[in-house]
Protein chains: 2
Amino acid sequence: VAGETLDLFLERTRARVDHALEAWLPRPPRVPLLVSEAMRYSVFAGGKRLRPALTLAAADAVARRAALAGDDAERRRVEARDRALAAACALELIHTYSLVHDDLPAMDNDTLRRGRPTAHVVYGDGIAILAGDGLQAAAFELLAREPDTTDPQVAARKLQTIVTIAHAAGPAGMVGGQAIDLQAAGQATNRSLTLDADGLRAMHAKKTGAIIRASATCGAIMAGADEPLASAVDAYAADLGLAFQIVDDILDVEGDAETLGKTAGKDAAGAKTTYPALFGLDRSKGLAAECLDRCRATLDAAGLLDGYLWAIAEWVGGRRS
Amino acid sequence: VAGETLDLFLERTRARVDHALEAWLPRPPRVPLLVSEAMRYSVFAGGKRLRPALTLAAADAVARRAALAGDDAERRRVEARDRALAAACALELIHTYSLVHDDLPAMDNDTLRRGRPTAHVVYGDGIAILAGDGLQAAAFELLAREPDTTDPQVAARKLQTIVTIAHAAGPAGMVGGQAIDLQAAGQATNRSLTLDADGLRAMHAKKTGAIIRASATCGAIMAGADEPLASAVDAYAADLGLAFQIVDDILDVEGDAETLGKTAGKDAAGAKTTYPALFGLDRSKGLAAECLDRCRATLDAAGLLDGYLWAIAEWVGGRRS
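Notes on the structure follow. (Residues numbered from 1 in each chain as written. Chains lettered and ligands numbered in written order. Predicted model: local features only at pLDDT ≥ 70, side-chain atom pairs only at ≥ 80, totals over all residues. Heavy atoms only, no water.)

Next up on the list: the packing of aromatic side chains. Residues and elements named next belong to chain A. Under the counting rule described, the total for this entry stands at seven aromatic pairs over all chains. Measuring from ring centre to ring centre gives 4.0 Å for Phe9 and Tyr308, while their planes differ by 10°; the resulting arrangement is stacked. A residue pair is termed long-range when its members are at least 10 positions apart, and Phe9 in helix 1 (residues 2-24) and Tyr308 in the loop between helix 14 (281-302) and helix 15 (309-318) qualify at 299 residues. By relative accessible area, Phe9 is classed as buried at 11%. What makes Tyr308 buried here is its relative accessible area of 14%. Between Tyr41 and Tyr123, the aromatic rings sit 5.7 Å apart at their centres with planes inclined by 75°, giving edge-to-face as the arrangement. On the criterion of sequence distance, the pair formed by Tyr41 in helix 2 (residues 33-43) and Tyr123 in helix 5 (residues 119-123) is long-range, its members being 82 residues apart. (Phe/Tyr/Trp six-rings, centres within 6.5 Å; stacked < 30°, edge-to-face > 60°. Helix = DSSP H or I, 4+ residues; strand = E, 2+ residues; numbered from the N terminus. Buried < 20%, exposed > 50% of the residue type's maximum accessible area, 1.4 Å probe, protein only.)

Ranked by size, the top nonpolar core spans 219 residues in total, and within it Tyr236 and Ile312 of chain A together with Tyr236 and Ile312 of chain B carry the most contacts. Setting aside anything within four residues of it in sequence, one finds Tyr236 of chain B in contact with Leu54, Cys295, Thr298, Leu299, Leu309, Ile312 and Ala313 of chain B. (Core = buried A, V, L, I, M, F, W, Y, C linked by side-chain atoms within 4.5 Å. Contact = heavy atoms within 4.5 Å.)

This part covers the relation of the copies chain A and chain B. Taken as rigid bodies, chain A and chain B are interconverted by a rotation of 180° and an axial shift of 0.0 Å, the fit giving an RMSD of 0.0 Å. Here the copies are linked by what is in effect a two-fold axis. Of every C-alpha in chain A, the one belonging to Pro152 of chain A sits nearest the axis of rotation, 2.9 Å from it. An overlap of 100% is found between the interface residues of chain A and their copies at the interface of chain B, pointing to a shared contact surface. (Least-squares fit on C-alpha atoms with pLDDT ≥ 70 in both.)

Here we take up the packing of helix 3 (residues 50-67) of chain A against helix 4 (residues 73-102) of chain A. All names here are of chain A. Close contact between helix 3 and helix 4 brings their axes to 7 Å; oriented N to C, the two are set at 160°. Taken together, the axes of helix 3 and helix 4 are roughly antiparallel relative to one another. The handedness of the crossing between helix 3 and helix 4 comes out as right-handed. Listed contacts from helix 4 to Arg51, Pro52, Thr55, Leu56, Ala59, Asp60, Ala63, Arg64, Ala66 and Ala67 of helix 3 are Ala73, Arg76, Arg77, Ala80, Arg81, Ala84, Leu85, Ala87, Ala88, Leu91, Glu92 and His95. (Axes fitted to C-alpha atoms, helices over the stretch in contact; angles between N-to-C directions. Parallel < 35°, antiparallel > 145°, perpendicular 65-115°, else oblique. Left-handed = near helix turned anticlockwise from the far one by under 90°.)

Take unusual backbone geometry next. Omega for the bond connecting Pro28 of chain B with Pro29 of chain B falls within 30 degrees of zero, at 5°, which places this linkage in the cis form. Its location among the elements puts Pro29 of chain B in the loop between helix 1 (2-24) and helix 2 (33-43). Of the consecutive residues Glu146 of chain B and Pro147 of chain B, the connecting peptide bond is found in the cis state with omega at -5°. If you trace the backbone, Pro147 of chain B turns up in the loop between helix 6 (125-145) and helix 7 (152-169). Here the phi dihedral of Arg114 of chain A falls at roughly 55°; this positive angle occurs in a residue that is not glycine. Relative accessible area serves as the criterion here: at 25%, Arg114 of chain A is assigned to the partly exposed category. With a phi close to 55°, Asn109 of chain B is a non-glycine residue in the positive phi region. The residue Asn109 of chain B is located in the loop between helix 4 (73-102) and strand 1 (112-113) in this model.

And the structure:
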């Protein structure tokens, strides 16, 4: 059954990524105890590891497709996975840093995340800012170090991955999206914005979409995808990211704090622009379903249906938390 | 005269780096106006560009030394400078991001920097945090993109530069040093520290020293320095960074706000551990002079006295702001 298979893949991804991060994140005495502790507190907080799963699933799908012609399918898949693991871990570090900073009082002011007090509640705002800064730097160090090889082809892919992730995380991507979100929430001094449907889509495309796209694309790059194939993976992930955000908005209306591990109803309480607020719940669900249809069509056309990418899209479409 | 020559080199470096950053920093509509504005506000705030100057001076010194045997000295120097320019700019972006974050109310709570209101005063804390985050991401994107060549040797140097800068900026370096500084200032929830002389030196080695070392070392790397030569540049910069910090502490006692462009006497007011507080002014000046002596000896032994590295050290030792 596809569902069981995906569960197993996600479980293995989580174990693999957590193990690599545990080994790789620096410890005292190399780094001061407090900042090491604050970084680990947020990294090992029971996240779903969706972004690393996308990276490894994309690498796996590209390797499966390449192996169709040859007989060394298993070797290709293992090699692709090993080469993509550092990118998978780095993307989770970037994602974690963004959560730590977004939770700050100066931003979304969240005190609960994944059922635990947020980093700034435990360590104070200053250390939380530094932990986030440190996680971003650690992500790029990891990307440039691993996989540790002098193979020029792999070096070129690593540089392409760093460009892709830095661009997605930066002002043209995640950081820019969060800035628009702050303006829309009236939290930027004298510089408020009101978002219409296009503005909302553009904000989410930057804030969460860019890193989700980079997650899938970098898996494809590290597995050696050519440009058309990497573009197909990127297009799939763009629709996946939009579906993810619409479902997130729907869950904020329909979910409860216990399942979500965070405060539900927060969007409505903060008068945030959301898909349900703009389109109503039914139309929002329809929009999410359309995104998933496009995901499948893109994967099908690119010969990437074999593997976990489609199952991940189905999971995102149906997730309850 | 050496002083005049250095002034010209610094002026040219500033023009070259500002021009490159102006062209390279993303603008609307690629990035949202507000975050672009906040990033530029802090980047173009009249900084001394010490770190880029170190990068270009190190690249220049390594190229001069390599050219001693051949007759293409000028070509080598231009090539080294061009290859090191992206690293020089990236290091200034990292330095700027650290200033924006360190100035936040949750950290040092500075409202004046280089004679102007700090970013969070102008844009609010949330946008200032994001501008800093965006500058860090932009730095790594720049490092991975430029110089834009498929030469495997240059690609390997770019990756080495990214490792060096990310490590220096991260929890083992700058971020870790600032965390220790926050603890020493009693600003980390329930986790205060008291610094003795060794602790103070270790804190500064991380907080400002790591990026100063990376600035010089990456110039050497991009110019093709071998390991012993890059290590000599690193050792020079370690002493330079320590001298820089001791002089900074002395200036906080002796300087005035008008010359410094920031609030003087702030260290004493905040009961911060400083070199003058631990050793007195005279012994502090002696310690700075000892650092400079070591700088010169290191450069001399490595054959790197030709160029601007020694003049930069003299400038750091004698600076008034």
